[in-house]
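# Tertiary structure, described
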Amino acid sequence: MTEKKESHSNYKGFVAGVFSGIAKLSVGHPFDTIKVRLQTSDSRRFSGPLQCLLQTVRKEGVAGLYKGATPPLVGWMFMDSIMLGSLTFYRRILHQTLFNPNRMVASPSAFAQRDLPLPDSKLHKLPTIGHAMAGVMAGATVSFIAAPVEHIKARLQIQYSSKKSERLYKGPIDCVSKIYKYHGIPGVYHGLSATLLFRSFFFFWWGSYDVFTRLLSEKTQLSTPAVNFWAGGLSAQIFWMTSYPSDVVKQRIMTDPLAGGLNDGVRRFPNWITAARTVYAENGWRGYWRGFLPCFLRAFPANAMALVAFEGVMRALP
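Quick caveat: nothing in here was measured; it's all calculated off a predicted structure.

This part is about the UniProt feature "transmembrane region" (unreviewed entry) in the protein chain. Here, UniProt's "transmembrane region" (unreviewed entry) annotation points to residues 73-94, 187-207 and 227-244. Spanning residues 187-207, this segment combines 76% helix with 0% strand, and its end C-alpha atoms are found 33 Å apart.

What follows is the structure in structure tokens.
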């Protein structure tokens, strides 16, 4: 009976993650397009986020802000389902093993023999470090889905022409098929190691989410959805403030020409270190923060709504 309950609870996490992904995309994609364009260009093309926004809308229309939206529309639903479902799973595993004070007890009969009450798992909450560790594990798990999705999205987002005939890739399927044709699976997964590094910062996201949730629940009279909203938004800001430089390097790697039969240019970055050094050589330490404003503005509403959706669906499912 316990195994069935745990399996059902894990299933709820994956279902709720789908709704989280939809909510995140609807609110956040235009901000993400501006962020990626700033991260992968220099000041000669865009002087800042406002100029990038205005130029994109003027030359490509509002639809230009949603370039590359198809991969995350499907991908984020799947990615958030995997991330939040695995997060729920890893939290439970850590709670039952590493952070279970009674994990050394072999069976309930041991308690009966000593005339002691059975431990109540509800009385023992997973500590913040446990939530942070589960976040890192979930981040590594979802990276194998996120890397190709974000790779294709980034390449589509930096196609500046408003005419499809002038673009190298007509859409996400065309992009995947061309990359696979000339570079195989490694080409599709270009940037995987950078994605794994970037998502290791989920340590700060889910650790801080637990801290904010506890503080808001204990110190305020906010409703549960309101706690989810504020904790989700604030923890997302913590995550981006700690991880943003690694995201800049990741985007530079993912938009670097793959060369070969694609005829998209000459490859510049053979590894992560080269890309990181190039960012610094071009713009100094400010280069690691280029495009941060639209990312910061996007992070709160997009992730707050995503976590409200996730927690709400988790509560609604029987």
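Of all hydrophobic cores here, the largest spans 43 residues; its most connected members are Met83, Trp205, Trp206 and Trp240. Among the secondary structure elements, those contributing two or more residues to this core are α3 (70-96), α5 (128-157), α7 (192-199), α8 (202-219), α9 (224-254), α10 (272-283) and α11 (292-316). Looking at which element gives the most residues to this core, the answer is α9, with nine residues. When residues no more than four places from it in sequence are discounted, the contact partners of tryptophan 240 are Lys35, Phe198, Asp247, Trp289, Phe292, Cys295, Arg298, Ala299 and Asn303. In terms of nonpolar packing, the next biggest core, distinct from the first, is built from eight residues, Ile152, Leu156, Leu258 and Leu262 among them.

All told, the structure shown has 11 salt bridges when counted by the stated rule. For aspartate 247, the salt bridge is made with lysine 35, and the minimal N-O distance between the two is 2.8 Å. Here aspartate 247 is found in helix α9, whereas its partner lysine 35 is found in helix α1 (residues 2-39), with 212 residues between them in sequence. Judged by relative accessible area, which is 1%, lysine 35 ranks as buried. A salt bridge links glutamate 282 to arginine 252; the nearest nitrogen and oxygen atoms lie 3.0 Å apart. Of the two residues, glutamate 282 sits in helix α10 while arginine 252 sits in helix α9, which places them 30 residues apart along the sequence. A cluster of three or more residues bridged by salt bridges with shared partners is formed by Asp32, Lys35, Glu150, Lys153, Arg199, Asp247 and Lys250.

What counts, and where the lines are drawn
Residues numbered from 1 in each chain as written. Predicted model: local features only at pLDDT ≥ 70, side-chain atom pairs only at ≥ 80, totals over all residues. Heavy atoms only, no water. UniProt positions renumbered as here; feature names shortened; annotations may be inferred. Helix = DSSP H or I, 4+ residues; strand = E, 2+ residues; numbered from the N terminus. Core = buried A, V, L, I, M, F, W, Y, C linked by side-chain atoms within 4.5 Å. Buried < 20%, exposed > 50% of the residue type's maximum accessible area, 1.4 Å probe, protein only. Contact = heavy atoms within 4.5 Å. Salt bridge = Lys/Arg side-chain N within 4 Å of Asp/Glu carboxyl O.

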